[in-house]
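One-letter residues, chain by chain:
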Amino acid sequence: MSESRPRTAGLKLPSFLELSWSRVFAVFLKELVQMRRDRPTFAIMIMMPIMQLLLFGYAINTDPRHLPAVVELREDGPMTRAFLASLHASTYIDIVAIARGPDEAEAMLRSGEATFLISIPQGFERRLVRGERPQLLIAADASDPVAAGGVIGAVERIAQSAFAPEFQGALSYLARPPPPYEIVVHRRYNPAGVSAFNIVPALLGVILTMTMVMITSIALTRESERGTMETLLATPISPLEVMIGKTTPYIGVGAIQVAIVLVAAALLFRIPFAGSFLAFLVAVTLFIFANLMLGYLISTAARTQLQAMQMTFFIFLPSILLSGFMFPFRAMPDWAQAIGTALPITHFLRIVREIMLKGAGFADIVGDLLPLTVILLTLATLALLRFRRTLD
Amino acid sequence: MSDDIVIDVRGLTKSFGDRKVVDDFDLKVPRGAIYGFLGPNGSGKTTTIRMVCGLLKPESGAGEVLGFDVLTESPRIKERVGYMTQKFSLYEDLSIRENLEFIARLYGLDRRAERVDQALVDLGLAERQGQLAGKLSGGWKQRLALAACMIHEPELLLLDEPTAGVDPKARRDFWDQIRRYSAQGVTTLVSTHYMDEAVQCDSIAYIAYGKKLIDSPTADIPSRIGLSCWRIAGRPLMQAQELLEQSKGVDLVARFGAEMHACGKDAAALERAVRAVKQAQPHVDIERIEAGFEEIFIYLMSGSIDNFQ
Ligand SMILES: Nc1ncnc2c1ncn2[C@@H]1O[C@H](COP(=O)(O)OP(=O)(O)OP(=O)(O)O)[C@@H](O)[C@H]1O
Ligand SMILES: [Mg+2]
């Protein structure tokens, strides 16, 4: 055997982990140029967050009116009548029936004839005057969380203005806050009550999942279908170099999407950014990487671009349904929670809600950063192992 | 192993499904040689070349290319080999220059801009370097691919039908370049269906149905096959052809424009057949000629492969 040529110098890595930044950069640049030339795809990646925000934003901004309500009335006094009159006058709700018993009212709520049940219990006025803070019950069909949120607020305001004229003279002690009654809200069918504030940060997770997974899922299949894979594989490039070179350009796209959503959240929806921005940046970077790896893994498995798209949609469904975006995570059956836990978006949704809405910092999100990192590393390893270095 | 054998593979075998596409293939190519790789469509040339450069894993067999094991050291082999694919496989949505720069970066070349400039000038594409590769004509794509696989100055060129669809002038330039490389010690394994190219090779390996049937210096091939040949010209050629095709001793009748070549392994039987045709059609001229590569390989490819080796 000839000894004239030096073999790989230094550390002996398994050949699929060889790493030359020159080769990574070659692929990186090539992807950037191709992305720039592929205008429609690039436009979709930028338009997608804007479109989704507008669609959901429109839904969030609608001021729901004339929602059918059933009133369960077990009391008949001057204050109750004043309250009822105000309800009738309100444009937020239309009283479709006055129920005499709880069963009748419940049945209407269940059948959808009414989206609200407002219940005034027996002895309400008497207990009110005594300062016992009786309950005014609102049961809302919260499967449309936006509508429910709006109306609950409206009912609170109506109650306030209806009772105010009554709390005069001898009853003026009732006018001091807090209100002498307690409004109890039962959200039916969507106990977590996903609110507008919840939706926009979560939308960031959905948008990133959709675009990042979709775009990398065709990273390799496109090369195979166009025949360029043969050129690529005939060079000494290693699987790790291909993976890094092919996924990193899309971090830029992800960053643009994040910026769009954050700006819209602040300007359009006036959502405060309560927590640590640094923690957010770390989390969103990890999340983008995890999605890129998920897409790339699909790309090592799919044989055609069509297959890659189908597999991508196979990921979308649980990402939307089982991540806590659509349904409250804790309310799902165990098997659904298990699937959800394996998805990057589940952890990101928790992190982003914690940070943006609840003002969390690093310490609060470690419990979700860790699983996100594990998912990322697992996906990357699987993708590296699956990468076919030959045309077989 | 001798340092002067650049390709030394033994018993390479590859199946797709249950069909053996390459069967027990041996090849030894010395340094600096131009080795022609011939065979009918679907005979396994592309598959063999892919196994040699590590793009396909042979299911059995072993070998070294440039001193590196084909099974375990393919990244080292790929660094030193220029492989030109049969089908254009550069990036159609990158410009000519971007394609060359991409390849140059993948091989980690120094003086990259300079090399790319030089390649563009050699190609005669310097003015069009910004044009997308996908917009090039077929022949120009072929020439670009050739330039791309040579940009890192490989020690071994594996060229899969590099001149298919290339005009005669460019083909001549290409072969001049291959011979210059060869003089510098670069080895070439080139598959082709053009006989005028086959004769330019030092040696030829001929493969059919995945089996190597001939492997010998080009000059020895006519005598090894031992094909006799007659030229028949004049009129009426069609009738003469029909007569010949039915005659014993005529293994091959091939039209070359206004004349016809009749060839056969059995020289005496062939001569009888040709003279009989002359008798039936006195207006045709007959003449004994040397069998050319064209006739030899048409003969080989027409399935008469049973009675040699
Ligand atoms: N990836 C593959 N999967 C299945 N069959 C294949 C594959 N690649 C090649 N084949 C089959 O293997 C056989 C040999 O193909 P190959 O491309 O090696 O022939 P070739 O000699 O290069 O032919 P040509 O002169 O037409 O280029 C063919 O029958 C082909 O159909
Ligand atoms: Mg071929």
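Asker: Even after reading the chapter, I still don't get the interface of chain B and chain A, so can you show me in this structure?
Answerer: A common way to express how large an interface is: the accessible area buried when the components associate. Between chain B and chain A, the residue contacts involve 35 residues of the former and 33 residues of the latter. Summing the contributions of chain B and of chain A, the shared interface buries around 3,100 Å²; its carbon and sulfur component is 55%. Looking only at chain B, the three residues that lose the most surface to chain A are Tyr-91, Arg-105 and Leu-106 of chain B, adding up to 21% of its buried area. Linking chain B with chain A are 4 salt bridges, by the criterion used here. For Arg-50 of chain B, the salt bridge identified is with Glu-230 of chain A, shortest N-O distance 2.8 Å. Where chain B packs against chain A, one counts 14 residue pairs in polar contact (both at pLDDT 80 or more). Residue assignment for the side of chain B that touches chain A shows that the elements contributing at least two residues are helix 2 (74–80) and helix 3 (96–106) of chain B. When its residues are assigned to classes, the side of chain B that touches chain A shows 14 nonpolar, 6 polar and 15 charged.

Asker: Quick question: what am I supposed to make of unusual backbone geometry here?
Answerer: Peptide bonds are trans in most cases, and residues, glycine excluded, mostly fall at negative phi. Residue and element names in this part refer to chain B. The backbone of Asp-24 shows a phi angle near 55°, a positive value even though the residue is not glycine. Tracing the chain through its elements places Asp-24 in strand 2 (residues 19–30). Here Glu-153, not a glycine, exhibits a phi torsion of approximately 50°, which is positive. If you trace the backbone, Glu-153 turns up in the loop between helix 5 (138–150) and strand 7 (156–160). A relative accessible area of 60% places Glu-153 in the exposed class.

Asker: Mind showing me how you'd approach a nonpolar patch on the surface here?
Answerer: Residue and element names in this part refer to chain A. Taken together, the side chains of Met-47, Ile-50, Met-51, Leu-54, Leu-55, Phe-56, Val-263, Leu-267 and Leu-268 define a hydrophobic patch exposed on the protein surface, amounting to about 850 Å² of accessible area. Among the elements that line the nonpolar patch, the one with the most residues is helix 2 (residues 39–61), at 6 residues. With respect to the helices and strands, Met-51 occurs in helix 2. Take Met-51: its relative accessible area is 49%, and that puts it in the partly exposed class.

Asker: Quick question: what am I supposed to make of the site of ligand 1 here?
Answerer: Residue and element names in this part refer to chain B. Around ligand 1 sit 14 residues, and of these Arg-19, Gly-42, Lys-45, Thr-46 and Thr-47 come closest. When ligand 1 is considered free in solution it has 630 Å² of accessible area, and contact with the protein chains removes 66% of it. Among the secondary structure elements, those contributing two or more residues to the shell around ligand 1 are strand 2 and helix 1 (45–52). Per element, the largest residue contribution to the shell around ligand 1 is 3 residues, and it comes from helix 1. Looking at the shell around ligand 1 residue by residue, the classes come out as 3 nonpolar, 8 polar and 3 charged.

Asker: Please explain the domain arrangement of chain B as it appears in this structure.
Answerer: Looking at chain B, the domain boundaries give domain 1 (31–43 + 73–221) and domain 2 (228–290). The C-alpha centroid of domain 2 of chain B is placed 39 Å from the C-alpha centroid of domain 1 of chain B.

Asker: Which parts of the structure should I look at to understand the state of the cysteines?
Answerer: Covalent bonding between the sulfur atoms of two cysteines is what defines a disulfide. Residue and element names in this part refer to chain B. One pass over the structure, following the stated rule, counts 1 disulfide over all chains. Note that Cys-229 is cross-linked by a disulfide to Cys-263, the S-S spacing being 2.4 Å. Pair noted here: Cys-229 is in strand 11 (residues 228–234) and Cys-263 is in strand 13 (residues 259–264), with a separation of 34 residues, a long-range link. Here Cys-53 stays unpaired: no disulfide links it, and the sulfur of Cys-149, its closest cysteine neighbor, is 11 Å away.

Asker: What is the right way to look at the packing of helix 1 (residues 21–37) of chain A against helix 10 (residues 239–247) of chain A in this model?
Answerer: When two helices pack together, their arrangement is captured by the angle between the axes and the distance separating the axes. All names here are of chain A. Look at helix 1 against helix 10: their axes get within 7 Å of each other, and the N-to-C directions meet at 35°. Every pair of crossing elements has a handedness; the one defined by helix 1 and helix 10 is right-handed. Facing Trp-21, Arg-23, Val-24, Val-27, Phe-28, Lys-30 and Glu-31 of helix 1, the residues of helix 10 in contact are Glu-241, Val-242, Ile-244, Gly-245 and Lys-246. Its residues assigned to classes, the contact of helix 1 with helix 10 comprises 6 nonpolar, 1 polar and 5 charged.

Asker: Please clarify how the pairing of strand 12 (residues 252–256) of chain B should be interpreted in this entry.
Answerer: Looking along a regular strand, one sees side chains alternate from face to face of the sheet. Residues and elements named next belong to chain B. Where strand 12 and strand 13 come together, 5 bridges link them in antiparallel fashion. Counted as the bridge partner of Phe-256 is Glu-259 from strand 13. What sits between the antiparallel neighbours strand 12 and strand 13 is a turn of 2 residues, in which Gly-257 has the positive phi angle 65°.

Asker: Any chance you could explain the sheet that holds strand 2 of chain B here in plain terms?
Answerer: Two modes of strand pairing occur in sheets, parallel and antiparallel, and in both the strands are linked by backbone hydrogen bonds. Residues and elements named next belong to chain B. Taken in spatial order, the 4 strands of this open sheet run 2-1-4-5, and their pairing is antiparallel. In this open sheet, the two edge strands, each paired with only one partner strand, are strand 2 and strand 5 (68–69). As paired strands, strand 4 (residues 60–65) and strand 5 are joined by 2 bridges and run antiparallel to one another. The partner of Val-65 across the bridge, within strand 5, is Phe-68. Packing against the sheet, helix 1 makes contact with strand 1 (5–16), strand 2 and strand 4, and its axis sits at approximately 120° to strand 1.

Asker: Could you clarify how one ought to interpret the coordination of the magnesium ion (ligand 2) in this entry?
Answerer: Geometrically, a metal with four donors at the corners of a regular tetrahedron has ideal angles of 109.5 degrees, and one with six donors at the corners of a regular octahedron has ideal angles of 90 or 180 degrees. Residues and elements named next belong to chain B. Around the magnesium ion (ligand 2), the protein contributes the donor atoms Thr-46 (OG1) and Gln-86 (OE1), which lie 1.9 to 2.1 Å from the metal centre. Highlighted residues: Thr-46 in helix 1 and Gln-86 in the loop between strand 6 (81–84) and helix 3, separated in sequence by 40 residues. Since its relative accessible area comes to 19%, Thr-46 is described here as buried. Residue classification places Gln-86 among the partly exposed positions, given a relative accessible area of 37%.

Parameters and conventions
All residue numbers refer to positions counted from 1 along the written sequence of the respective chain. All chains are assigned letters beginning at A, and all ligands numbers beginning at 1, according to the order in which they are written. This being a predicted model, a pLDDT of at least 70 is required before a residue's local features are given, and a value of 80 or more before pairs of side-chain atoms are given or counted; all residues contribute to the totals for chains, interfaces and linings. Hydrogens and water are ignored here; the side-chain numbers use all heavy atoms of the structure. The contact definition used throughout considers only heavy atoms, calling two residues in contact when any of these lie within 4.5 Å. As used here, buried area is the combined drop in accessible area, with a 1.4 Å probe, of two parts when they are placed together. We define a salt bridge as a side-chain nitrogen of Lys or Arg found within 4 Å of a carboxyl oxygen belonging to Asp or Glu. Polar contacts, as counted here, are pairs of nitrogen or oxygen atoms within 3.5 Å of one another; within protein the pair requires one atom able to donate a hydrogen and one able to accept it, and residues that are adjacent in sequence qualify only if both atoms are side-chain atoms. Helix numbering and strand numbering both begin at the N terminus, where a helix is a DSSP run of H or I of at least 4 residues and a strand a DSSP run of E of at least 2. Three residue categories are used. Nonpolar comprises Ala, Val, Leu, Ile, Met, Phe, Trp, Tyr, Cys and Pro, charged comprises Asp, Glu, Lys and Arg, and polar comprises the others, including Gly. Each residue is assigned to one of three classes by its accessible area relative to the maximum for its type, calculated with a 1.4 Å probe on protein chains only: buried under 20%, partly exposed between the two thresholds, exposed over 50%. Residues enter a patch when their relative accessible area is above 30% and they make no salt bridge; the linking distance is 9 Å between like charges and 5 Å between nonpolar side chains (Val, Leu, Ile, Met, Phe, Trp, Tyr). Using a 1.4 Å probe, accessible areas were evaluated by the Shrake-Rupley method; residue-level cover was limited to the displayed protein chains. It suffices for a single heavy atom of a residue to lie within 4 Å of a molecule or strand for the residue to be listed as near it. Just so you know, the domain bounds were taken from an automatic or database domain assignment. Throughout, disulfides are identified as pairs of cysteine sulfur atoms within 2.5 Å of each other. Comment: axis = line fitted to C-alpha atoms, over the contacting stretch for helices; angle = value between 0 and 180 degrees taken between N-to-C directions. In a left-handed crossing the near helix is turned counterclockwise from the far helix by less than a right angle, and in a right-handed crossing that turn is clockwise. In this scheme, strands are said to pair when DSSP sees at least two bridges between them. Coordinating donors are taken to be N, O and S atoms lying within 2.8 Å of the metal, or within 3.2 Å when the metal is Na, K or Ca; because water is excluded from the atom set, some sites may appear incomplete.

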